[in-house]
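# Structural features, examined
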Amino acid sequence: MTIGSYLAAVSFLLHIDTAVQSASVCLAADAQPLSLEINPDQKEGAAWLHTAVEAMLKENGLAASRLDAISVSAGPGSYTGLRVGMAAAKGLCFALNIPLILVNSLQMMAAAATAEKAALLCPMIDARRMEVFTGVFDKSLETVVPASNLILENHDFDRLLESHTICFFGNGSTKFRTMMQSPNASFANIEANASHLSSLAYKKFRAHDFADLAYSEPFYGKDFHSPAKQSL
C-alpha cells in the first residue's frame, strides 16, 4: 500500500475535552492518538483551543479539510468548560461540513482508568459541597450505573461493593475516600484528557452515531436528583 492510499484509508478525528480540570485536544488516526496538547488551566480554554488545533494540524502536516469528524466530551462537568468545548466543536464541524460526535465525560474518564485492577470503574466529578457527578462502568466501558448527580453518603455503592471491586477516581472522589471503609474499594489519582476520547469516538464514528449539529447541547447533569442510589 502506498502512503497516499494508506492516508486515504485512514480516518482522521479531532478530539476536544474541556469538561473538568484542564483543556486538551488530540488528533487521532482512526482510534490511534497521534498528537496531544494539554492546557492545565481550563479557564484559558476559549482562547487556547483554536490556536492549539491549528498548531497541531500544522505540526502533523494535515489540512483541516482532511478531518473526518470531531468529538467532544459533552458532560457532565464544568458549566463554562462544557460550553466552550461544545461551541468550538460545533463551529469547526459546521465550517468543515463534518459530523459531530458526543462522548459522556464520565465514560471518557473511565477510559483513562482501564489499567486499574478493580472490576468496576467509578469516576467522580466534584459538584461542590458533598455532591458529585458520577457513574459506574465495567472494564469494557459499558455502563453499569448511568451518569447522575449524587449527594454522597456513607452507604453509597454498598450493594455493588458486596460483589465487586470498584476503583474511585476523579476530583470528586477525595471527599468520598474519608467515608469509604469497604475492602473492595480503591482510590486512584487518574487524569483523563482528549486522547481518552479516541477509542470511544471512533467506535461511534464507525457506527455513524453522530449528533445533531444544530441542536446538540452539553449534558450538565443537574436535572438529575440522585437516581443512582436505587442501583448502588
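## Comments concerning the sheet that holds strand S1 (residues 12-17)
- Taken together, the five strands give an open sheet; going across it, the order is S3-S2-S1-S4-S5, and neighbouring strands pair in mixed fashion. Of all the strands in the sheet, just strand S3 (32-39) and strand S5 (100-103) have a single pairing partner and so form its edges. Neighbour to neighbour, the strand axes of the sheet diverge by 20° on average, direction disregarded.
- For S1 and strand S2 (residues 23-29), the ladder comprises six bridges, and the chain directions are antiparallel.

## Quick notes on the pattern of salt bridges
- Under the definition given, this model contains three salt bridges.
- Asp126 is paired through a salt bridge with Lys175; the nearest N and O atoms lie 2.4 Å apart. Of the two residues, Asp126 is situated in strand S6 (residues 120-126) and Lys175 in helix H6 (residues 174-177); the sequence distance between them amounts to 49 residues.
- Judged by relative accessible area, which is 37%, Asp126 ranks as partly exposed.
- Glu142 is the salt-bridge partner of Lys203, the closest N and O atoms lying 3.7 Å from each other. With Lys203 in helix H7 (residues 198-206) and Glu142 in the loop between strand S7 (131-138) and strand S8 (143-151), the pair connects residues that are 61 residues apart, well separated along the chain.
- A residue is classified by how much of its surface remains accessible, and Lys203, at 58% relative accessible area, is exposed.
- With a relative accessible area of 42%, Glu142 lands in the partly exposed category.

## So, the side chain of Thr134
- With respect to the helices and strands, the residue Thr134 is situated in strand S7.
- Setting aside its immediate chain neighbours within four residues, Thr134 contacts Leu106, Cys122, Pro123, Met124, Pro146, Ala147, Ser148, Leu150 and Phe157.

## Thoughts on helix H3 (residues 79-96)
- Taking 1.5 Å as the rise per residue, H3 with 18 residues should run 26 Å; its terminal C-alpha atoms sit 26 Å apart, in good agreement.
- Those residues of H3 that fall on the buried side of the exposure criterion are Gly81, Leu82, Gly85, Met86, Ala88, Ala89, Lys90, Leu92 and Cys93.

## A closer look at the sheet that holds S6
- The sheet built from five strands is open, its strands ordered S8-S7-S6-S9-S10 with mixed pairing. The two strands at the open ends of the sheet, each matched to only one other strand, are S8 and strand S10 (185-188). Between one strand axis and the next, the sheet turns through 20° on average, direction left out of account.
- Direction of pairing for S6 relative to S7: antiparallel, over a ladder of five bridges. Considered in S7, the bridge of Leu120 is made with Asp138.

## Quick notes on the pairing of strand S9 (residues 166-169)
- Residues Ile166 and Phe168 line one face of S9 and the alternating positions Cys167 and Phe169 line the opposite face, and both faces are buried.
- Examined bridge by bridge, S6 and S9 share four bridges and lie parallel to one another. Directly across from Pro123, in S9, lies its bridge partner Phe169.
- Pairing analysis gives four bridges linking S9 to S10, with the strands arranged parallel. Bridging from a neighbouring strand, Phe168 pairs with Phe187 of S10.

## Examining H7
- Those residues of H7 not exposed but buried are Ser198, Leu200, Ala201, Tyr202 and Phe205.
- Those residues of H7 that are buried are in contact with S1, S2, S3, strand S4 (69-73), S5 and helix H4 (105-111).
- Positioned one or two residues after H7, His208 has a phi angle of 55°, which is positive.

## Section: the nonpolar core
- If you look at the biggest cluster of nonpolar residues, it comprises 33 residues, and the most contacted ones within it are Leu13, Ile101, Met109 and Phe169.
- Put simply, the parts of the chain that give this core at least two residues each are S5, H4, S6, S7, S9 and H7.
- Tallying contributions element by element places H4 first for this core, with five residues.
- Ignoring any residue separated from it by four or fewer positions in sequence, one finds Ile101 in contact with Leu13, Ala69, Ile70, Ser71, Val72, Ala201, Lys204, Phe205, Asp209 and Phe210.
- Of all hydrophobic cores here, the second largest spans 26 residues; its members include Leu57, Ile70, Met86 and Leu92.

What counts, and where the lines are drawn
The residue count restarts for each chain, going from 1 along the sequence in the order it is written. Local features in this predicted model are restricted to residues whose pLDDT is 70 or higher, and side-chain atom pairs enter the listing and the counts only when it is 80 or higher, whereas totals over whole chains, interfaces and linings include all residues. Only hydrogens and water are set aside when side-chain values are computed; all heavy atoms of the structure are taken into account. Whether two strands pair depends on DSSP finding at least two bridges between them. Numbered from the N terminus, helices here are DSSP runs of H or I no shorter than four residues, and strands are runs of E no shorter than two. Axis definition: a line fitted to C-alpha atoms, limited for helices to the stretch in contact. Angles are taken between N-to-C directions and run from 0 to 180 degrees. Each reported salt bridge corresponds to a side-chain nitrogen of Lys or Arg within 4 Å of a carboxyl oxygen of Asp or Glu. Each residue is placed in one exposure class: buried if its accessible area under a 1.4 Å probe, protein chains only, is under 20% of its type's maximum, exposed if it is over 50%, and partly exposed if it falls in between. Working rule for contacts: check all heavy atoms of both residues, and any pair within 4.5 Å makes them a contact. Here the expected span of a helix is defined as 1.5 Å times the quantity of residues minus one. Among the buried residues, those of types Ala, Val, Leu, Ile, Met, Phe, Trp, Tyr and Cys that are joined through side-chain atoms within 4.5 Å form a nonpolar core.

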